Amino acid sequence: DAGVTQSPTHLIKTRGQQVTLRCSPKSGHDTVSWYQQALGQGPQFIFQYYEEEERQRGNFPDRFSGHQFPNYSSELNVNALLLGDSALYLCASSDPGQGGRANVLTFGAGSRLTVL
Amino acid sequence: AQSVTQPDIHITVSEGASLELRCNYSYGATPYLFWYVQSPGQGLQLLLKYFSGDTLVQGIKGFEAEFKRSQSSFNLRKPSVHWSDAAEYFCLGQGAGSYQLTFGKGTKLSVIP
């Protein structure tokens, strides 16, 4: 059973560019969340997608946007990249049927973005 | 504001010794609580979770955690640490009415052979 898959695993961009990261959720999961993990820090919540809509958003600027497709896969887009956007971007999927409202997350290995 | 605090940034223990990693939470009501482990080059893996009920929760790899409402704590324990337990451990909380999981800053565990 494939878990959460993310692509690309590594990428390098320059300031001002735009980037798209992709995520396929675990089979049977319909909810996707995105997190940013800066070096040496705990992951920070960016947003969560459910039924192709952004259900909740963390404290990130509008430069960060996303999309969920009918097959539940998701993309994270970041525009006008800044040096501070360099981080590991984690995708996690969950099945809202587990424990009611509780999010029991299955994480992917992440996409490491370096902004020069 | 809702938050999760892990007071210890780095802990070193000898192999075979017992382990306790601390986690404190600040939420208006009892949150859902989780512990995850992140090993180098690997994704975050769920160790255990607490939703309600029995305050002592058993997880994978011999870990357990105890929810203490009076202390707003959810500490992770293991009676005997193995060298393969060296990793970073994160405590997470999810508040009522929210879909957001908030991470603590993590505790890095080193194990001395």
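Above this text you will find the structure in question.
Residues numbered from 1 in each chain as written. Chains lettered and ligands numbered in written order. Predicted model: local features only at pLDDT ≥ 70, side-chain atom pairs only at ≥ 80, totals over all residues. Heavy atoms only, no water.

As a further point, take the overall build of chain A. Secondary structure assignment for chain A yields zero helices and eleven strands. In chain A, the succession of α and β elements from N to C terminus is β-β-β-β-β-β-β-β-β-β-β. Its C-alpha atoms give chain A a radius of gyration of 14 Å, within 12% of the compact-globule value 13 Å for 116 residues. C-alpha atoms of chain A, sized along the principal axes, occupy 40 × 30 × 25 Å. Relative to its 116 residues, chain A shows a buried fraction of 49%. (Helix = DSSP H or I, 4+ residues; strand = E, 2+ residues; numbered from the N terminus. Rg over C-alpha atoms; globule rule 2.2 N^0.38 Å. Buried < 20%, exposed > 50% of the residue type's maximum accessible area, 1.4 Å probe, protein only.)

Turning next to the pattern of salt bridges. One pass over the structure, following the stated rule, counts seven salt bridges over all chains. Note that R22(A) and E75(A) form a salt bridge whose closest N and O atoms lie 3.5 Å from each other. Pair noted here: R22(A) is in strand β3 (residues 19-24) and E75(A) is in strand β8 (residues 74-78), with a separation of 53 residues, a long-range link. E54(A) is the salt-bridge partner of R57(A), the closest N and O atoms lying 3.1 Å from each other. Judged by relative accessible area, E54(A) falls into the partly exposed class, the value being 35%. By sharing partners, the salt bridges in this structure join E64(B), E66(B) and R77(B) into a single network. (Salt bridge = Lys/Arg side-chain N within 4 Å of Asp/Glu carboxyl O.)

Attention now moves to the interface of chain B and chain A. Each side of the interface is counted separately: chain B has 19 residues, and chain A has 21 residues. Buried area between chain B and chain A, both sides added, is near 1,800 Å², and the carbon and sulfur share of it is 54%. If you look at where chain B meets chain A, you find zero salt bridges. The interface formed by chain B and chain A contains five residue pairs in polar contact (both at pLDDT 80 or more). Of all the secondary-structure elements, those providing two or more residues to the side of chain B that touches chain A are β5 (32-38), β6 (44-50), β10 (87-94) and β11 (101-103) of chain B. With four residues, β5(B) is the largest single contributor of residues to the side of chain B that touches chain A. (Contact = heavy atoms within 4.5 Å. Buried area = accessible area lost by both parts, 1.4 Å probe. Polar contact = N/O pair within 3.5 Å; in protein donor to acceptor, adjacent residues only side chain to side chain.)

Quick look at the side chain of E75(A) now. Here E75(A) falls in the buried class, since its relative accessible area comes to 19%. Each residue touching E75(A), except ones within four places of it in the same chain, is listed here: T20(A), L21(A), R22(A), W34(A), S65(A), G66(A), H67(A) and F69(A).

All names here are of chain A. Within the open sheet, the four strands sit side by side as β1-β3-β8-β7. Their pairing is antiparallel. Of all the strands in the sheet, the pair left with one neighbour each is β1 (5-7) and β7 (64-68). On average, each strand axis in the sheet is inclined to that of its neighbour by 20°, with strand direction left out of account. Across five bridges, the pairing between β7 and β8 is antiparallel. What sits directly across from S65, in β8, is N77. (Pairing = 2+ DSSP bridges. Axes fitted to C-alpha atoms, helices over the stretch in contact; angles between N-to-C directions.)

With that settled, consider the environment of R77(B). All names here are of chain B. In this structure, R77 sits in strand β9 (residues 73-78). Residue R77 is classed as partly exposed on the basis of its relative accessible area, which comes to 23%. Spatially, the C-alpha atoms of R77 and W35 are 11 Å apart, while their sequence positions differ by 42 residues. Residues contacting R77, with those up to four places away along its chain left out, are L19, E20, L56, G62, F63, E64 and E66. Engagement of the side chain of R77 in a polar contact is seen with the side chain of E66, the distance being 3.1 Å.

A cis amide bond links S7(A) to the next residue, P8(A), at an omega of -10°. Relative to the assigned elements, P8(A) resides in the loop between β1 and β2 (10-13). Positive phi values are uncommon outside glycine, yet S72(B) reaches one of about 50°.

Along the chain, the position of T102(B) falls in strand β11. Beyond its immediate sequence surroundings of up to four residues, T102(B) is in contact with V4(B), Y27(B), C91(B), L92(B) and G93(B).

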